[in-house]
Every structure is written in structure tokens, then in C-alpha cells.
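These are the residues of each chain, in order.
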Amino acid sequence: MPVDETLLAATRAATEQWRAAQRATEAAKAEYQRSIRRLHLSGASLREIADALDLSHQRVHQLVEAAGGVPDWRPRKTPSGLACSFCAAPEEECGRLVAGPQIFICDNCVNQAQLVLAGHPSRLDQAAGRFTCSFCAKPATETGPLATGPGVRICGGCANFAAEVVAATLGG
């Protein structure tokens, strides 16, 4: 029995609508997570956010982590003598130094990483699976391309988060 072309066309159209709805849902979810992360970055504690949004503290923590930022990345004072792990500029020469897990990135390198990841493939580390982001420890197969420095790497999500930290600490 041949396939009814009218029904097949309707099914294909419904499939595309379903896929578009899935993409829109994923985009809305990501924006929700980023919004919660921004609340945390602005100084609200995880508990305050949980109470305000009627969520559990654990769920807020999961959402902040899923958005690419872990709670201990919030702006903090760093002991003197630190340097950017990407360009080796000392702390006193950096506008801001964003701390990751035993790694630091200055505001200039954050901007450079974002430019690199936005489409300068000559500087992208595309050996997927072989390298991980030095900030979130996720493999390139999960994060996409990584911008590299001497022995350090940063994914787009972490570079964007670092840019938010810099913007927040500079007052916008």
C-alpha cells in the first residue's frame, strides 16, 4: 500500500513544528538557568534565590551549575602575587582577575577568548575529547571548541560566565 502523500506532508510539517518547539524549550531553559546564575552573581545567596522562586536550595545549586557557573566563582578577593593563567599578566596589571579552580583569567583574556570562540578557527582547539575546559573540566566533545592558552583552555560557556563576572565587578 503506497504512503498517502497528503498525510506524509502533514506529518513532516508536524515533525518540524515539534523540533522547533524543542529548540525553543531548550533556549528558554538555558535563559532561565542564566537568569538564576545572574541573580547569584549579583550577590543573592542560593537560599535567598530558592526562597524567592519557591525552589529548593539544591535545585538552585543545580541550575547555577548547569548554567556554567559554580558558586565559588563569585567575585572574591585574591591574595597578591597571582597572575592570569592565559597571558601571565600579574594581578596588578589586570582590570579584573576571575578565579576558577586553581586557574585565573584576566578581563583582557576573557574578551580574547570570546572573540576566538566567536569564529576565529585558527585559534580554536578542536581536538574533541582529548582536551577539557580548565574551568569546568568538561570535555570539548561536550562544550564545543576551546580557546587555548599555555597549558590552559576555556570553553564558550565559561568564557561567557567570566565576562559576566568581570561586568558585574566593574559595575556593568
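On a predicted model such as this, the values are computed, not experimentally measured, just so you know.

Let us now look at the pattern of salt bridges. Per the stated rule, a full pass over the model turns up one salt bridge. In this structure, glutamate 16 engages arginine 23 in a salt bridge whose closest nitrogen and oxygen atoms are separated by 3.0 Å. Residue classification places glutamate 16 among the partly exposed positions, given a relative accessible area of 40%.

A separate point is unusual backbone geometry. Positioned with a positive phi, alanine 88 is a non-glycine residue whose angle comes to about 70°. With phi around 65°, alanine 137 is a residue other than glycine that occupies positive phi space. Turning to its location among the elements, alanine 137 is positioned in the loop between β3 (124-125) and α5 (140-143).

On to helix α1 (residues 5-41). Its 37 residues give α1 an end-to-end C-alpha distance of 54 Å, which sits within 8% of 54 Å, the value for a rise of 1.5 Å per residue. Looking only at α1, the buried set comprises Gln33, Ile36, Arg37, His40 and Leu41. Positive backbone phi, approximately 120°, marks glycine 43, located one or two places after α1.

Confidence in the prediction of the protein, expressed as mean pLDDT, is 79, and 83% of residues score 70 or more. Helix α2 (residues 46-53) holds the highest mean pLDDT among the elements of the protein, 89, whereas β3 holds the lowest, 46. The low-confidence segment residues 71-78 (pLDDT under 50) makes 21 contacts with residues lying over four places distant or belonging to another chain. Across residues 122-128, confidence stays below pLDDT 50; counting only partners more than four residues off in sequence or on other chains, it has 15 contacts.

Now for α2. Every buried residue belonging to α2 is among Leu46, Ile49 and Ala50, and all of these are buried. Along the axis of α2, the buried residues cluster in a sector spanning 100°; they form a single face. Relative to its buried face, α2 has exposed residues pointing more than 90 degrees away, namely Arg47, Asp51 and Ala52. Taken from the residues just after α2, aspartate 54 is the one with a positive phi, measuring 55°.

Rules behind the numbers
- Residues numbered from 1 in each chain as written.
- Predicted model: local features only at pLDDT ≥ 70, side-chain atom pairs only at ≥ 80, totals over all residues.
- Heavy atoms only, no water.
- Salt bridge = Lys/Arg side-chain N within 4 Å of Asp/Glu carboxyl O.
- Buried < 20%, exposed > 50% of the residue type's maximum accessible area, 1.4 Å probe, protein only.
- Helix = DSSP H or I, 4+ residues; strand = E, 2+ residues; numbered from the N terminus.
- Expected span 1.5 Å × (residues − 1).
- pLDDT = per-residue confidence, 0-100.
- Contact = heavy atoms within 4.5 Å.
- Arc of directions from axis to C-beta.

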